[in-house]
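# Structural overview
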Amino acid sequence: MNAEFNDNMTPCLKLEGVQVAFGSLKANDDVSLVVRAGERRAIIGPNGAGKTTLFNAITGDYPPTKGRIWFYQQEITSLPPYRRARLGISRTYQITNLLAALSVTENLQLAIRGSRKRKFSLFGSSGLSAQEKDIIDTSLAACGLSHRAGEVVKMLSYGEQRQLEIAMALATSPRLLLLDEPAAGLTAAERKRIASLISELPRSLTLVMIEHDMELALGLADYVTCLAAGKVLVEDLPAQIGENQLVQEVYLGGALNA
């Protein structure tokens with residue numbers, strides 16, 4: 001599914017010299033990258049490489065100590081998370097972040113309303129509007145969960161909960177979707193289902209994904225960035241990343257092709 005990208009294509013996301021420091025610890029250090037509109041970018045690297053911290057810098061949860069970030073040519077370096085979300089940046093997390101006692105539909109409804117300016121209004125209806133129903137139906141269909149719409153979340157399998165998280169992110173109508181280890185903790189069958197779900201997302205949506213499952217990451221990505229010790233180690237096409245000696249030594253101890 002790899003696509004060709006060139007320097008003239010519109011950047012969706014641009015990072016320039018981004019540093020995120022916690023005291024003397026630099027979790028990200030001078031990270032620069034450009035993700036083109038419609039691209040599928042995989043972020044790989046060993047534990048502690050700074051991958052999730054980089055996502056937090058993009059979403060505004062951990063604003064950069066240094067450097068600058070642009071989203072579709074608008075600088076967002078100093079914007080709070082809610083402003084970035086309204087511009088069209090959405091994400092999932094390593095650990096499921098769902099309301100287990102509510103239904104699938106109710107979780108999606110809260111995701112939609114939480115992304116809107118009037119989310120704290122006391123005068124809105126608690127029922128689903130026609131627009132919300134359409135968004136929910138579309139998001140559930142995209143994630144293969146239409147048949148589970150009325151189920152309480154705690155009754156879903158772990159794999160289905162991961163699918164629901166992606167559906168909730170899609171329900172906010174993002175232009176950039178950040179997926180933080182979407183296949184973590186899944187069985188082989190569940191990983192295959194998630195990979196199929198991601199591969200079928202429309203190219204109008206730009207995707208950046210952190211993933212330790214190398215087969216999944218390299219199979220879905222157009223381009224790969226490998227981080228090590230908070231810095232960009234190498235960027236390349238998936239086929240070249242799979243053969244890169246530095247990646248094998250730093251990320252997998254030489255076992256990438258074993």
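The model shown is predicted, which means the values in this text are computed figures rather than measured ones. (Residues numbered from 1 in each chain as written. Predicted model: local features only at pLDDT ≥ 70, side-chain atom pairs only at ≥ 80, totals over all residues. Heavy atoms only, no water.)

What follows covers unusual backbone geometry. Here the phi dihedral of Gln73 falls at roughly 70°; this positive angle occurs in a residue that is not glycine. Mapped onto the fold, Gln73 is located in the loop between strand E4 (66-71) and strand E5 (74-75). We note that Ala229 has phi near 55°; this positive angle belongs to a residue other than glycine. Here Ala229 shows up in the loop between strand E9 (223-228) and strand E10 (231-236). A residue is classified by how much of its surface remains accessible, and Ala229, at 64% relative accessible area, is exposed. (Helix = DSSP H or I, 4+ residues; strand = E, 2+ residues; numbered from the N terminus. Buried < 20%, exposed > 50% of the residue type's maximum accessible area, 1.4 Å probe, protein only.)

Across the interface, helix H3 (residues 104-114) lies against helix H5 (residues 158-171) with an axial gap of 8 Å and an inter-helix angle of 35°. Relative to H5, the crossing made by H3 is right-handed. Residue-level inspection shows Val104, Asn107, Leu108, Ala111 and Ile112 of H3 in contact with H5, the latter providing Leu164, Ala167, Met168 and Ala171. Considering only residue class, the contact of H3 with H5 consists of 8 nonpolar, 1 polar and no charged. (Axes fitted to C-alpha atoms, helices over the stretch in contact; angles between N-to-C directions. Left-handed = near helix turned anticlockwise from the far one by under 90°. Contact = heavy atoms within 4.5 Å. Nonpolar A, V, L, I, M, F, W, Y, C, P; charged D, E, K, R; others polar.)

Glancing now at H5. Here H5 spans 20 Å end to end across 14 residues, near enough to the 20 Å set by a 1.5 Å rise per residue. With respect to burial, H5 is a largely interior element, 13 of its 14 residues being buried. Just downstream of H5 lies Ser173, where phi reads positive at about 55°. (Expected span 1.5 Å × (residues − 1).)

With that out of the way, let us pick up H3. Listing the buried residues of H3 in full gives Val104, Thr105, Asn107, Leu108, Gln109, Ala111 and Ile112. For H3, the secondary structure elements touched by its buried residues are helix H4 (130-142) and H5.

Before going further, it helps to spend a moment on the packing of aromatic side chains. A full pass over the atoms with the stated rule returns 2 aromatic pairs. Between Phe22 and Tyr62, the ring centres sit 5.3 Å apart and the planes meet at 85°, which makes this aromatic pair edge-to-face. Placement of the pair is Phe22 in strand E1 (residues 11-22) and Tyr62 in the loop between helix H1 (51-59) and E4, with a sequence separation of 40 residues. With centroids separated by 5.1 Å and ring planes inclined at 75°, the aromatic side chains of Phe71 and Tyr72 adopt a geometry described as edge-to-face. The exposure class of Tyr72 is partly exposed, given its relative accessible area of 23%. Above the face of the Trp70 ring, Lys14 is positioned so that its terminal group lies 5.2 Å from the ring centre. (Phe/Tyr/Trp six-rings, centres within 6.5 Å; stacked < 30°, edge-to-face > 60°. Lys NZ or Arg CZ within 6 Å of the ring centre and 35° of its normal.)

The next thing to look at is the pairing of E10. Across 5 bridges, E9 lies against E10 in antiparallel orientation. From the neighbouring strand, Thr225 faces E10, where its bridge partner is Glu235. Linking E9 to E10, which pair antiparallel, is a turn of 2 residues; within it Ala229 sits at a positive phi near 55°. (Pairing = 2+ DSSP bridges.)

The tally for this structure, following the rule as stated, stands at 13 salt bridges. Put simply, Arg41 and Glu39 hold a salt bridge, and the shortest N to O gap is 2.7 Å. You can call Arg41 buried: its relative accessible area is 4%. The residue Arg91 makes a salt bridge to Asp180 at a minimum N-O spacing of 3.6 Å. A residue pair is termed long-range when its members are at least 10 positions apart, and Arg91 in strand E6 (residues 89-91) and Asp180 in strand E7 (residues 176-180) qualify at 89 residues. Three or more residues joined by partner-sharing salt bridges are found here, namely Glu39, Arg41 and Glu235. (Salt bridge = Lys/Arg side-chain N within 4 Å of Asp/Glu carboxyl O.)

On to the environment of Ile198, then. Within the secondary structure, Ile198 sits in helix H6 (residues 188-199). A relative accessible area of 1% places Ile198 in the buried class. Distance from Ile198 to Arg40, taken between C-alpha atoms, is 9.6 Å for residues 158 residues apart in sequence. Setting aside chain neighbours within four positions, we find Ile198 in contact with Arg40, Leu179, Pro182, Leu207, Met209 and Leu220.

As a further point, take the packing of H4 against H5. Between H4 and H5, the shortest axis-to-axis distance is 9 Å and the interhelical angle comes to 140°. For the element pair H4 / H5, the angle class is oblique. When you trace H4 past H5, the crossing you get is right-handed. Of the residues in H5, those in contact with Ile135, Ser139 and Ala142 of H4 are Ala167, Leu170 and Ala171. (Parallel < 35°, antiparallel > 145°, perpendicular 65-115°, else oblique.)

Read these as geometric descriptors, not functional statements.
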